[in-house]
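Below are the chains, spelled out letter by letter.
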Amino acid sequence: MQFGIFTVGDVTTDPTTGRTPSEHERITAMVTIARKAEEVGLDVFATGEHHNRPFVPSSPTTMLGYIAARTERLQLSTATTLITTNDPVKIAEDFAMLQHLAEGRVDLMLGRGNTGPVYPWFGKDIRDGIPLAIENYHLLHRLWREDVVDWEGKFRTPLQSFTSTPRPLDDVPPFVWHGSIRSPEIAEQAAYYGDGFFANNIFWPKEHFQRLIALYRQRYEHYGHGSADQAIVGLGGQVFMRKNSQDAVREFRPYFDNAPVYGHGPSLEEFTEQTPLTVGSPQEVIDKTLTFRAAFGDYQRQLFLMDHAGLPLKTVLEQLDLLGEEVVPVLRKEFAALRPAHVPDAPTHASLVAARDAALEATR
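So, how was this worked out
- Residues numbered from 1 in each chain as written.
- Predicted model: local features only at pLDDT ≥ 70, side-chain atom pairs only at ≥ 80, totals over all residues.
- Heavy atoms only, no water.
- Pairing = 2+ DSSP bridges.
- Helix = DSSP H or I, 4+ residues; strand = E, 2+ residues; numbered from the N terminus.
- Salt bridge = Lys/Arg side-chain N within 4 Å of Asp/Glu carboxyl O.
- Buried < 20%, exposed > 50% of the residue type's maximum accessible area, 1.4 Å probe, protein only.
- Phe/Tyr/Trp six-rings, centres within 6.5 Å; stacked < 30°, edge-to-face > 60°.
- Core = buried A, V, L, I, M, F, W, Y, C linked by side-chain atoms within 4.5 Å.
- Contact = heavy atoms within 4.5 Å.
- Right-handed = clockwise from strand over helix to strand, strands pointing away.

Description of the sheet that holds strand β9 (residues 196-199)
Note: strands within a sheet are paired through backbone hydrogen bonds, in either parallel or antiparallel orientation.
Item 1. The parallel open sheet is built from 9 strands, whose spatial order is β3-β2-β1-β13-β10-β9-β8-β5-β4. In the strand order of this sheet, the two ends are held by β3 (75-78) and β4 (81-82), each with one partner.
Item 2. For strand β10 (residues 233-235) and strand β13 (residues 301-305), the ladder comprises 2 bridges, and the chain directions are parallel. Opposite L235, over in β13, you have Q302 as the bridge partner.

Concerning the pattern of salt bridges
Item 1. Tallying each qualifying case throughout the model produces 25 salt bridges.
Item 2. For E251, the salt bridge is made with R242, and the minimal N-O distance between the two is 2.7 Å.
Item 3. Under the relative-accessibility criterion, E251 is labelled partly exposed at 28%.
Item 4. What makes R242 buried here is its relative accessible area of 16%.

Structural notes on the packing of aromatic side chains
Item 1. Tallied over the entire structure, the rule returns 11 aromatic pairs.
Item 2. Ring geometry for Y137 versus Y193: centroids 4.8 Å apart, planes at 85°, classification edge-to-face. Placement of Y137 in helix α5 (residues 129-145) and of Y193 in helix α6 (residues 184-193) is noted, with a sequence separation of 56 residues between them. This pair shows no difference in class: Y137 is buried, exactly as Y193 is.

Regarding unusual backbone geometry
Item 1. Omega for the peptide link from R53 to P54 comes to 10°, which places this bond in the cis form.
Item 2. Cis geometry is found at the peptide bond from T165 to P166, where omega equals -5°.
Item 3. Checked against the element boundaries, P166 lands in the loop between β7 (159-162) and β8 (175-180).
Item 4. Despite not being glycine, D170 has its phi angle at roughly 60°, a positive value.
Item 5. Inspection of the secondary structure assignment puts D170 in the loop between β7 and β8.
Item 6. The class for D170 is partly exposed, based on a relative accessible area of 42%.

Concerning the nonpolar core
Item 1. Of all hydrophobic cores here, the largest spans 102 residues; its most connected members are I5, Y216, F252, M306 and L323.
Item 2. Of the residues forming this core, the biggest block, 8 residues, is contributed by helix α11 (residues 313-338).
Item 3. The residues touching L323, leaving out its near neighbours within four places in the chain, are I5, L42, M241, F304, M306, V328 and P329.

Brief notes about the pairing of β3
Both faces of the sheet carry side chains from a regular strand, because those side chains alternate between them.
Item 1. Here β3 shows no split at all, with Q75 and S77 on one side and L76 and T78 on the other all buried.
Item 2. Alignment of strand β2 (residues 44-47) against β3, held across 4 bridges, turns out to be parallel. Residue pairing in the sheet places F45 in a bridge with L76 of β3.
Item 3. Note that the unit made of β2, helix α2 (residues 60-69) and β3 has a crossover that is right-handed.

Focus on the side chain of S164
Item 1. Secondary-structure assignment places S164 in the loop between β7 and β8.
Item 2. A relative accessible area of 1% means that S164 is categorised as buried.
Item 3. If near-sequence neighbours (up to four positions away) are discounted, S164 is found in contact with A92, E93 and L143.

Let's talk about α6
Because an α-helix packs 3.6 residues into every turn, residues spaced three or four apart end up facing the same way.
Item 1. I186, A187, Q189, A190, A191 and Y193 are the residues of α6 that are buried.
Item 2. Residues of α6 that are buried make contact with α5, β8, β9 and α7 (206-222).
Item 3. One or two positions beyond α6, positive phi appears at G194, with a value near 75°.

Concerning the environment of V285
Item 1. Mapped onto the fold, V285 is located in helix α10 (residues 282-296).
Item 2. A relative accessible area of 0% places V285 in the buried class.
Item 3. For the pair formed by V285 and Y223, sequence separation is 62 residues and the distance between their alpha carbons is 36 Å.
Item 4. Sequence-distant contacts of V285, defined by excluding residues within four places in its chain, comprise V239, M241, T278 and V327.

Right, here's the structure in full:
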């Protein structure tokens, strides 16, 4: 099982000091956080894609390419890449290039985005969100698997005898996760292609995501990719830790209350009771994360949001130390002991190449 972190790259005023980092400070902090993630033994770093303030990661592949050059083992991903407002041709080429530069340490999560004004900025209509996601991914899927593509659809100009370059590393495309917080159509799409499904398990009660993941698993089996419990599932989450849980709650409360995403709503106590947000000791984080398996079944990737809401870089790095030293080693052991042998690990470039080669050998 893979453990890692994801960032949304918000530039938020620290409510305890009144200081707002510059965009440059925030961008360089994200790189520092990614390198720290590798240092403490995490598996994955993922960045969001946003084109509106207060967020800065408008060019994920640029950032991930830089991080790839400064890390050796870390899997690099997105959370998410906007399949609706990006040209699928550009996604195909950008991520194939990144895949080569990172020696295969790349996958991506596709999503529709939930910021309405972004759509017209890129010449799209938010009312076409689902059809755009379906059509654009169909094209992206083909571009990575066919050397020459002829294409005609509703949302972009036709392609005639087009070859996306560079070709994927080892002729094996990056693994794709389809991210969703509310759309059964996206769960269906992930199942149809045999891709991963990532539920950003942060804002809503688990019952909502249980329905989406159950649908994905059922349809994954329906399309013949394996049994329902072999479907590739990822979950999000957010934690804030101190050795003493009361200290964690006291320190995190002003950040929660003023967060651009969930501040000024339910109380911290209500939110932690009803959602996966965990604020407390490392053991409390371990205990709550282990309940995710009971709720959603065996899954392959767990990502935590660590740097949201104006938390200073020093605090985030302290959180990563706790995560890497006290939480993840226990979770690895516990999840591995519980996972049946027939349930796969999270795909990597090496495992996908091996599966492709085995399939070819079986046909000879």
